[in-house]
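# What the coordinates show
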Amino acid sequence: MKEKIINIRNEKETRNFGLKLAETLQPGTVIALIGDLGTGKTALTKAIAEGLGITDVITSPTFNIVKEYDSGRLPLYHFDVYRLGDVDEMYELGYEEYFYGRGVSVVEWADIVEDIIPEEAIRINIEYGRKEGERIYKCMF
């Protein structure tokens with residue numbers, strides 16, 4: 001896999017990136033999102049969900065760890081692992097059924113559970129850009 005750097009200037013470009021990415025996704029795809037608080041991990045997840053045709057309102061699953069959305073062309077499993085005590089909690093959730101199942105898994109704060117992220121996962125490290133609203137996506141896919 002090769003790193004690709006994408007400069008995102010605003011929310012519209014975040015949405016467009018997510019929509020395009022969603023077109024390429026297949027069952028069993030894992031997207032690992034890494035970035036500081038407020039960098040737009042959930043905003044990108046919402047755009048991916050929209051691109052998959054999901055009609056539900058996407059919210060951060062902070063207190064649930066995972067939320068499932070089934071209204072699109074593929075199910076979306078949205079993980080927020082920020083509050084996990086350790087990676088063992090992912091085993092308790094049965095994460096493998098999500099990661100290797102019939103849907104797409106998006107994992108926010110994926111660096112916390114890096115040990116279980118599949119090697120072939122799409123990795124997107126989101127950093128703040130220079131100007132307000134700008135982001136730098138460092139992508140591996």
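Each remark here, short or long, concerns the structure printed above.
Cut-offs applied
- Residues numbered from 1 in each chain as written.
- Predicted model: local features only at pLDDT ≥ 70, side-chain atom pairs only at ≥ 80, totals over all residues.
- Heavy atoms only, no water.
- Phe/Tyr/Trp six-rings, centres within 6.5 Å; stacked < 30°, edge-to-face > 60°.
- Helix = DSSP H or I, 4+ residues; strand = E, 2+ residues; numbered from the N terminus.
- Buried < 20%, exposed > 50% of the residue type's maximum accessible area, 1.4 Å probe, protein only.

## Observations regarding the packing of aromatic side chains
The geometry of an aromatic ring pair is captured by the separation of the ring centres together with the interplanar angle, meaning the angle of the planes. In this structure the tally under the stated criterion is eight aromatic pairs. With a centroid separation of 4.9 Å and an interplanar angle of 70 degrees, the aromatic rings of Tyr77 and Tyr98 are classed as edge-to-face. Placement of the pair is Tyr77 in strand E4 (residues 76-80) and Tyr98 in helix H4 (residues 95-99), with a sequence separation of 21 residues. You'll find Tyr77 and Tyr98 in the same group, each marked buried. Relative to Phe99, the ring of Phe79 lies with its centre 5.6 Å away and its plane at 80 degrees, an arrangement referred to as edge-to-face. Of this pair, Phe79 sits in strand E4 while Phe99 sits in helix H4, and the two are 20 residues apart along the sequence. Judged by relative accessible area, Phe99 falls into the buried class, the value being 0%. Linked through ring pairs, Tyr77, Phe79, Tyr91, Tyr95, Tyr98, Phe99 and Tyr100 together constitute an aromatic cluster.

Just geometry here; none of it tells us what the structure is for.
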